[in-house]
Amino acid sequence: MPNILLGDDDEELTQLLQEYLHNHGIQCDCVHDGEAVMQCLKSMSTDTGSHDIGAYDLLVLDIMMPKMDGLSVLRQLPAISDIPVIMLTAKGEEIDRIIGLELGADDYITKPCNPRELLARINAVIKRTTAAVSEHTPLPESRLHLDQTQRICQIDGITLQVTGTEFDLLVALLRQKGEVVSKAWLSEHVLQRELQPFDRSLDVHVSRLRKKMQPFHDEPIKAIRGKGYQLVL
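Treat the numbers as computed from the prediction; the structure is a model and nothing was measured.

Visitor: I'd like to hear about the environment of L41, residue by residue, with values.
Guide: Summarising the element assignment, L41 is placed in helix α2 (residues 34-48). With 41 residues separating them in the primary sequence, L41 and D82 have C-alpha atoms 10.0 Å apart. Apart from the residues lying within four places of it in its own chain, the contact partners of L41 are L5, Y56, L59, L77, I80 and I83.

Visitor: Please give an account of the pairing of strand β7 (residues 152-155) that cites residues and values.
Guide: Across the two faces of β7 the burial differs, with C153 and I155 buried and I152 and Q154 not buried at all. As defined by bridge partners, strand β6 (residues 144-147) adjoins β7 across four bridges and the pair is classed as antiparallel. Bridged to L146 within β7 is C153. Looking at chain direction, β7 and strand β8 (residues 158-160) are connected through three bridges and run antiparallel.

Visitor: Explain the packing of helix α4 (residues 94-102) against helix α8 (residues 201-213) residue by residue, including any values.
Guide: Where α4 meets α8, the axes come as close as 9 Å, and the angle between the chain directions of the two elements is 35 degrees. In this structure, the crossing between α4 and α8 has a hand that is right-handed. Here α4 contributes I98, L101 and E102 to the contact with α8, which in turn contributes S201, V204, H205 and R208. Looking at the contact of α4 with α8 residue by residue, the class counts come to three nonpolar, two polar and two charged.

Visitor: Tell me about the sheet that holds strand β5 (residues 107-111), and name the residues and values.
Guide: With respect to topology, five strands assemble into an open sheet ordered β2-β1-β3-β4-β5, the strand pairing being parallel. Both outer strands of the open sheet, β2 (27-31) and β5, are each paired with one neighbouring strand and no more. Direction aside, neighbouring strands of the sheet carry axes that sit 20 degrees apart on average. Examined bridge by bridge, strand β1 (residues 3-7) and β2 share five bridges and lie parallel to one another. Note that in β2 the partner of I4 across the bridge is C28. Contacts between α4 and the sheet are confined to β4 (85-90) and β5, with β4 contributing the most and set at about 165 degrees to the helix.

Conventions adopted
- Residues numbered from 1 in each chain as written.
- Predicted model: local features only at pLDDT ≥ 70, side-chain atom pairs only at ≥ 80, totals over all residues.
- Heavy atoms only, no water.
- Helix = DSSP H or I, 4+ residues; strand = E, 2+ residues; numbered from the N terminus.
- Contact = heavy atoms within 4.5 Å.
- Buried < 20%, exposed > 50% of the residue type's maximum accessible area, 1.4 Å probe, protein only.
- Pairing = 2+ DSSP bridges.
- Axes fitted to C-alpha atoms, helices over the stretch in contact; angles between N-to-C directions.
- Left-handed = near helix turned anticlockwise from the far one by under 90°.
- Nonpolar A, V, L, I, M, F, W, Y, C, P; charged D, E, K, R; others polar.

This is the structure:
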(Lines give C-alpha, C1' and ligand atoms only; values in the text may rest on other atoms or scores of the structure.)
Protein backbone atom coordinates (compact mmCIF):
# COMPACT_ATOMS: atom_id res chain seq x y z
CA MET A 1 0.00 0.00 0.00
CA PRO A 2 1.50 3.38 -0.97
CA ASN A 3 2.12 5.69 1.97
CA ILE A 4 1.91 9.48 1.61
CA LEU A 5 2.36 12.49 3.87
CA LEU A 6 -0.30 15.22 3.64
CA GLY A 7 0.57 18.68 4.96
CA ASP A 8 -2.42 21.04 5.22
CA ASP A 9 -3.71 23.22 8.05
CA ASP A 10 -7.36 22.48 7.20
CA GLU A 11 -7.99 19.60 9.60
CA GLU A 12 -11.49 18.92 8.31
CA LEU A 13 -10.22 18.64 4.73
CA THR A 14 -7.28 16.44 5.67
CA GLN A 15 -9.56 14.05 7.56
CA LEU A 16 -11.87 13.81 4.54
CA LEU A 17 -8.95 13.21 2.16
CA GLN A 18 -7.32 10.73 4.53
CA GLU A 19 -10.48 8.62 4.70
CA TYR A 20 -11.03 8.79 0.94
CA LEU A 21 -7.45 7.81 0.12
CA HIS A 22 -7.45 4.98 2.65
CA ASN A 23 -10.63 3.59 1.09
CA HIS A 24 -8.76 3.55 -2.23
CA GLY A 25 -5.68 1.75 -1.01
CA ILE A 26 -3.40 4.62 0.08
CA GLN A 27 -2.09 5.10 3.61
CA CYS A 28 -2.05 8.79 4.51
CA ASP A 29 -0.43 10.53 7.49
CA CYS A 30 -1.53 14.12 8.14
CA VAL A 31 0.25 17.10 9.69
CA HIS A 32 -0.99 20.67 9.86
CA ASP A 33 1.95 23.05 9.56
CA GLY A 34 5.16 23.31 7.60
CA GLU A 35 7.46 22.67 10.54
CA ALA A 36 5.67 19.39 11.24
CA VAL A 37 6.15 18.38 7.59
CA MET A 38 9.89 18.99 7.88
CA GLN A 39 10.10 17.14 11.19
CA CYS A 40 8.39 14.06 9.72
CA LEU A 41 10.68 13.99 6.69
CA LYS A 42 13.81 14.67 8.76
CA SER A 43 12.95 11.76 11.05
CA MET A 44 12.59 9.50 7.99
CA SER A 45 15.94 10.69 6.63
CA THR A 46 17.59 10.11 10.03
CA ASP A 47 16.08 6.65 10.34
CA THR A 48 17.27 5.56 6.87
CA GLY A 49 20.61 7.37 7.09
CA SER A 50 20.18 8.86 3.59
CA HIS A 51 18.07 11.18 1.47
CA ASP A 52 15.81 8.28 0.46
CA ILE A 53 12.14 8.91 0.93
CA GLY A 54 11.90 6.18 3.57
CA ALA A 55 8.34 5.26 4.48
CA TYR A 56 6.69 7.95 2.35
CA ASP A 57 6.16 7.59 -1.38
CA LEU A 58 4.86 11.13 -1.89
CA LEU A 59 4.23 14.47 -0.18
CA VAL A 60 1.01 16.41 -0.77
CA LEU A 61 1.80 19.94 0.37
CA ASP A 62 -0.45 22.95 0.91
CA ILE A 63 1.14 26.28 0.05
CA MET A 64 -0.57 28.31 2.79
CA MET A 65 0.32 26.82 6.20
CA PRO A 66 1.28 28.25 9.60
CA LYS A 67 4.82 28.26 11.09
CA MET A 68 6.39 27.49 7.69
CA ASP A 69 4.58 27.88 4.37
CA GLY A 70 4.71 25.29 1.62
CA LEU A 71 7.13 27.23 -0.57
CA SER A 72 9.61 27.46 2.32
CA VAL A 73 9.28 23.71 2.80
CA LEU A 74 10.03 23.18 -0.90
CA ARG A 75 13.15 25.36 -0.67
CA GLN A 76 14.53 23.27 2.20
CA LEU A 77 13.33 19.88 1.02
CA PRO A 78 16.26 18.87 -1.27
CA ALA A 79 18.62 18.92 1.72
CA ILE A 80 16.71 16.17 3.50
CA SER A 81 14.62 14.19 1.01
CA ASP A 82 14.08 13.27 -2.65
CA ILE A 83 10.38 12.70 -2.11
CA PRO A 84 8.03 13.64 -5.00
CA VAL A 85 5.69 16.54 -4.23
CA ILE A 86 2.18 17.51 -5.30
CA MET A 87 1.23 21.06 -4.30
CA LEU A 88 -2.18 22.18 -3.14
CA THR A 89 -2.74 25.78 -4.26
CA ALA A 90 -5.60 28.25 -4.05
CA LYS A 91 -7.62 28.61 -7.23
CA GLY A 92 -6.31 31.47 -9.33
CA GLU A 93 -2.93 31.71 -7.53
CA GLU A 94 -0.87 31.02 -10.65
CA ILE A 95 2.27 32.64 -9.28
CA ASP A 96 2.35 30.17 -6.37
CA ARG A 97 2.01 27.25 -8.78
CA ILE A 98 4.82 28.53 -10.98
CA ILE A 99 7.15 29.20 -8.04
CA GLY A 100 6.35 25.78 -6.59
CA LEU A 101 7.18 24.06 -9.86
CA GLU A 102 10.36 26.12 -10.18
CA LEU A 103 11.33 24.94 -6.69
CA GLY A 104 10.96 21.31 -7.77
CA ALA A 105 7.36 20.23 -7.16
CA ASP A 106 6.24 17.46 -9.51
CA ASP A 107 2.62 18.51 -9.93
CA TYR A 108 -0.10 20.68 -8.44
CA ILE A 109 -3.83 20.64 -7.86
CA THR A 110 -6.03 23.61 -6.99
CA LYS A 111 -8.25 23.88 -3.92
CA PRO A 112 -10.97 23.10 -3.23
CA CYS A 113 -9.81 19.83 -4.76
CA ASN A 114 -11.86 16.87 -5.89
CA PRO A 115 -10.63 13.80 -3.93
CA ARG A 116 -10.96 11.68 -7.06
CA GLU A 117 -8.70 14.03 -9.02
CA LEU A 118 -6.17 14.12 -6.19
CA LEU A 119 -6.16 10.30 -6.12
CA ALA A 120 -5.52 10.20 -9.87
CA ARG A 121 -2.61 12.68 -9.55
CA ILE A 122 -1.12 10.73 -6.64
CA ASN A 123 -1.32 7.43 -8.53
CA ALA A 124 0.20 9.01 -11.65
CA VAL A 125 3.21 10.45 -9.80
CA ILE A 126 3.81 7.26 -7.80
CA LYS A 127 3.55 5.17 -10.96
CA ARG A 128 6.15 7.36 -12.69
CA THR A 129 8.60 7.30 -9.81
CA THR A 130 8.29 3.59 -9.01
CA ALA A 131 8.11 2.14 -12.53
CA ALA A 132 9.08 -1.52 -12.66
CA VAL A 133 12.41 -2.38 -14.25
CA SER A 134 10.61 -4.62 -16.74
CA GLU A 135 8.87 -1.54 -18.13
CA HIS A 136 12.18 0.06 -19.12
CA THR A 137 13.39 -0.17 -22.68
CA PRO A 138 16.90 0.83 -23.81
CA LEU A 139 17.46 4.50 -24.58
CA PRO A 140 19.57 5.91 -27.44
CA GLU A 141 23.24 6.52 -26.70
CA SER A 142 23.98 10.13 -25.89
CA ARG A 143 26.08 12.44 -23.72
CA LEU A 144 22.97 12.29 -21.56
CA HIS A 145 22.78 9.01 -19.64
CA LEU A 146 19.60 8.08 -17.78
CA ASP A 147 19.70 5.10 -15.43
CA GLN A 148 16.05 4.11 -15.41
CA THR A 149 16.47 1.63 -12.58
CA GLN A 150 18.19 3.97 -10.12
CA ARG A 151 16.62 7.07 -11.74
CA ILE A 152 19.98 8.81 -11.99
CA CYS A 153 20.69 11.49 -14.59
CA GLN A 154 24.24 12.09 -15.84
CA ILE A 155 25.81 14.22 -18.56
CA ASP A 156 29.38 13.37 -19.53
CA GLY A 157 29.54 11.26 -16.37
CA ILE A 158 28.52 14.13 -14.08
CA THR A 159 25.37 13.56 -12.02
CA LEU A 160 22.57 16.15 -12.22
CA GLN A 161 20.00 16.50 -9.45
CA VAL A 162 16.59 16.32 -11.13
CA THR A 163 13.07 15.78 -9.86
CA GLY A 164 11.03 12.73 -10.78
CA THR A 165 9.03 14.67 -13.33
CA GLU A 166 12.18 16.18 -14.86
CA PHE A 167 13.69 12.72 -15.15
CA ASP A 168 10.61 11.42 -16.96
CA LEU A 169 10.63 14.40 -19.31
CA LEU A 170 14.24 13.63 -20.22
CA VAL A 171 13.38 9.97 -20.85
CA ALA A 172 10.53 11.00 -23.17
CA LEU A 173 12.71 13.49 -25.06
CA LEU A 174 15.70 11.15 -25.29
CA ARG A 175 13.57 8.37 -26.74
CA GLN A 176 12.81 10.76 -29.61
CA LYS A 177 16.13 12.60 -29.66
CA GLY A 178 16.40 15.03 -32.56
CA GLU A 179 12.66 14.95 -33.15
CA VAL A 180 10.18 17.61 -32.08
CA VAL A 181 7.91 16.23 -29.37
CA SER A 182 4.61 18.05 -28.99
CA LYS A 183 3.58 19.64 -25.72
CA ALA A 184 0.28 17.77 -25.88
CA TRP A 185 2.08 14.41 -26.11
CA LEU A 186 4.47 15.27 -23.28
CA SER A 187 1.66 16.47 -21.05
CA GLU A 188 -0.36 13.32 -21.64
CA HIS A 189 2.51 10.83 -21.31
CA VAL A 190 4.66 12.52 -18.66
CA LEU A 191 2.29 14.65 -16.59
CA GLN A 192 -0.50 12.12 -17.12
CA ARG A 193 -3.09 14.71 -18.09
CA GLU A 194 -4.35 16.53 -21.15
CA LEU A 195 -2.69 19.83 -21.96
CA GLN A 196 -4.94 22.69 -20.90
CA PRO A 197 -4.92 26.27 -22.19
CA PHE A 198 -2.72 28.56 -20.04
CA ASP A 199 -1.23 25.59 -18.13
CA ARG A 200 2.48 26.41 -17.88
CA SER A 201 3.52 23.37 -15.82
CA LEU A 202 5.34 21.70 -18.70
CA ASP A 203 7.13 24.91 -19.67
CA VAL A 204 8.34 25.42 -16.09
CA HIS A 205 9.70 21.85 -15.87
CA VAL A 206 11.54 22.29 -19.17
CA SER A 207 12.91 25.67 -18.08
CA ARG A 208 14.36 24.11 -14.92
CA LEU A 209 15.97 21.35 -16.96
CA ARG A 210 17.53 23.84 -19.35
CA LYS A 211 19.17 25.73 -16.50
CA LYS A 212 20.60 22.52 -15.06
CA MET A 213 21.89 21.36 -18.45
CA GLN A 214 23.25 24.65 -19.80
CA PRO A 215 26.77 24.15 -18.34
CA PHE A 216 27.04 21.30 -20.87
CA HIS A 217 25.26 22.87 -23.85
CA ASP A 218 24.02 26.38 -24.65
CA GLU A 219 20.61 25.15 -25.77
CA PRO A 220 20.12 21.55 -24.64
CA ILE A 221 16.35 21.59 -25.25
CA LYS A 222 14.98 23.69 -28.08
CA ALA A 223 11.50 25.15 -28.04
CA ILE A 224 9.98 24.89 -31.50
CA ARG A 225 7.27 27.52 -31.58
CA GLY A 226 3.81 26.08 -32.11
CA LYS A 227 5.12 22.51 -32.14
CA GLY A 228 6.92 21.42 -28.98
CA TYR A 229 10.36 20.59 -27.63
CA GLN A 230 13.45 18.98 -29.15
CA LEU A 231 16.38 17.46 -27.24
CA VAL A 232 19.62 18.36 -29.00
CA LEU A 233 22.28 17.55 -26.37
